[in-house]
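# A closer look at the structure
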Amino acid sequence: MFTGIVTDIGEVRSVKPRANNLHRLTLFCRYPRAELIEGASIACSGVCLTVVDTGEEDGRVWFAVDAADETLRVTTVGRWRHGTKVNLERPLRLGDELGGHLVAGHIDGLAAVVARDDMTDSARFVLRAPQALARFIAPKGSVALDGISLTLMRWKPTRSRS
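Now for a look at the structure at hand. (Residues numbered from 1 in each chain as written. Predicted model: local features only at pLDDT ≥ 70, side-chain atom pairs only at ≥ 80, totals over all residues. Heavy atoms only, no water.)

## Topic: the overall build of the protein chain
A tally of regular secondary structure across the protein chain gives 1 helix and 10 strands. Mapped from its N terminus to its C terminus, the protein chain presents α and β elements in the order β-β-β-β-β-α-β-β-β-β-β. Taking 15 Å as the expected radius of gyration for a compact globule of 162 residues, we find that the protein chain reaches 17 Å, a close match to that expectation. Projecting the C-alpha coordinates of the protein chain onto the three principal axes gives extents of approximately 50 × 35 × 30 Å. (Helix = DSSP H or I, 4+ residues; strand = E, 2+ residues; numbered from the N terminus. Rg over C-alpha atoms; globule rule 2.2 N^0.38 Å.)

## Re the pattern of salt bridges
Scanning the entire structure with this criterion turns up 9 salt bridges. Residue Arg93 is joined to Asp96 by a salt bridge in which the shortest nitrogen-to-oxygen separation is 3.8 Å. Three or more residues joined by partner-sharing salt bridges are found here, namely Glu11, Arg60 and Lys85. (Salt bridge = Lys/Arg side-chain N within 4 Å of Asp/Glu carboxyl O.)

## Digging into the side chain of Ser45
Summarising the element assignment, Ser45 is placed in the loop between β3 (41-44) and β4 (47-57). In this structure Ser45 comes out as buried when scored by relative accessible area, which is 11%. Look past the residues within four positions of Ser45 in its chain and what remains in contact with it is Trp80, Val86, Asn87, Asp146 and Gly147. (Buried < 20%, exposed > 50% of the residue type's maximum accessible area, 1.4 Å probe, protein only. Contact = heavy atoms within 4.5 Å.)

## Focus: the pairing of strand β10 (residues 148-151)
Looking along a regular strand, one sees side chains alternate from face to face of the sheet. In the sheet, strand β9 (residues 142-145) pairs with β10 via 4 bridges, with the strands oriented antiparallel. Of the residues in β10, the one forming a bridge with Leu145 is Ile148. Hairpin connection between β9 and β10: a loop of 2 residues separates the two successive antiparallel strands, and Asp146 in this loop has a positive phi of roughly 55°. (Pairing = 2+ DSSP bridges.)

## Quick word on the sheet that holds β3
Sheet strands line up and pair through hydrogen bonds in the backbone, either parallel or antiparallel. Read around the barrel, 6 strands follow the order β1-β2-β5-β4-β3-β6 and close on themselves; strand pairing throughout is antiparallel. Looking at each pair of strands side by side, their axes are set apart by 45° on average, direction ignored. (Axes fitted to C-alpha atoms, helices over the stretch in contact; angles between N-to-C directions.)

## Points about a nonpolar patch on the surface
Residues Met1, Leu98 and Leu102 make up a contiguous nonpolar surface patch of roughly 310 Å² in combined accessible area. Residue classification places Leu98 among the partly exposed residues on the basis of a relative accessible area of 43%. (Patch = residues over 30% accessible without salt bridge, like charges linked within 9 Å, V, L, I, M, F, W, Y side chains within 5 Å. Areas by Shrake-Rupley, 256 points an atom, 1.4 Å probe, with all protein chains shown as cover.)

## Some details on the side chain of Thr75
The residue Thr75 is located in the loop between α1 (69-74) and β6 (85-89) in this model. Setting aside chain neighbours within four positions, we find Thr75 in contact with Val47, Ile107 and Leu110.

## Thoughts on the nonpolar core
Counting residues in each nonpolar core, the largest one holds 20 residues, and the members touching the most others are Ile42, Cys44 and Phe63. Residue contributions to this core peak at 4 residues, all from strand β5 (residues 60-67). With sequence-adjacent residues up to four places away left out, Ile42 is seen in contact with Phe2, Tyr31, Leu36, Val47, Cys48, Leu49, Val51, Phe63, Val65, Glu89 and Arg90. (Core = buried A, V, L, I, M, F, W, Y, C linked by side-chain atoms within 4.5 Å.)

## Considering unusual backbone geometry
Of note, the phi angle at Asp58 is positive, near 50°, even though the residue is not glycine. Note on placement: Asp58 falls in the loop between β4 and β5. A positive phi angle, near 60°, is found at Lys140, a position not held by glycine. For Lys140, the position within the fold is in the loop between β8 (123-128) and β9.

## Digging into the packing of aromatic side chains
Throughout the structure, instances matching the rule amount to 0 aromatic pairs. A cation over a ring is seen here: Arg13 above Trp62, with NZ or CZ 4.9 Å from the ring centre. Directly above the ring of Tyr31 sits Arg90, whose terminal nitrogen or CZ lies 4.0 Å from the centroid. (Phe/Tyr/Trp six-rings, centres within 6.5 Å; stacked < 30°, edge-to-face > 60°. Lys NZ or Arg CZ within 6 Å of the ring centre and 35° of its normal.)

## Some thoughts on the environment of Asn87
Counting through the fold element by element, Asn87 comes out in strand β6. We classify Asn87 as buried; its relative accessible area is 15%. In this structure, the C-alpha to C-alpha distance between Asn87 and Thr3, residues 84 residues apart in sequence, is 13 Å. Side-chain polar atoms of Asn87 contact the backbone oxygen of Asp146, separated by 2.9 Å. (Polar contact = N/O pair within 3.5 Å; in protein donor to acceptor, adjacent residues only side chain to side chain.)

Pasting the structure below:
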């Protein structure tokens, strides 16, 4: 589980196709290497992935994850390339403060950003969610966008066109 509060911005170091439609993604981060535990989850732009390796290169810490075919198809992970910036969050531990919302990191679909209005201390987004997911969105609930937990100010479901 995650909070939707980003704690680092990672950078894709490499993407390598592997057997069984897996892609090994390696990302640079600012987390201490000792805190990146193999087998632990990490939210990468909201997608819960499992750390499979860690290391250091030229003084920079990196970790590797494997993304399966479903993840590559349903999320933006399949579009990531060398240099892509990725929002990162390590998982909650029992007793941690819950500063955002509970975010599972299991992605159901992609929303489209229709509009963005930058204000003095915040930004307002207008998002278009997939019709199949609309019934799961609660007024004044929350959604995660690239791993960032957002509170809905208004929710206006649209009718599907026949």
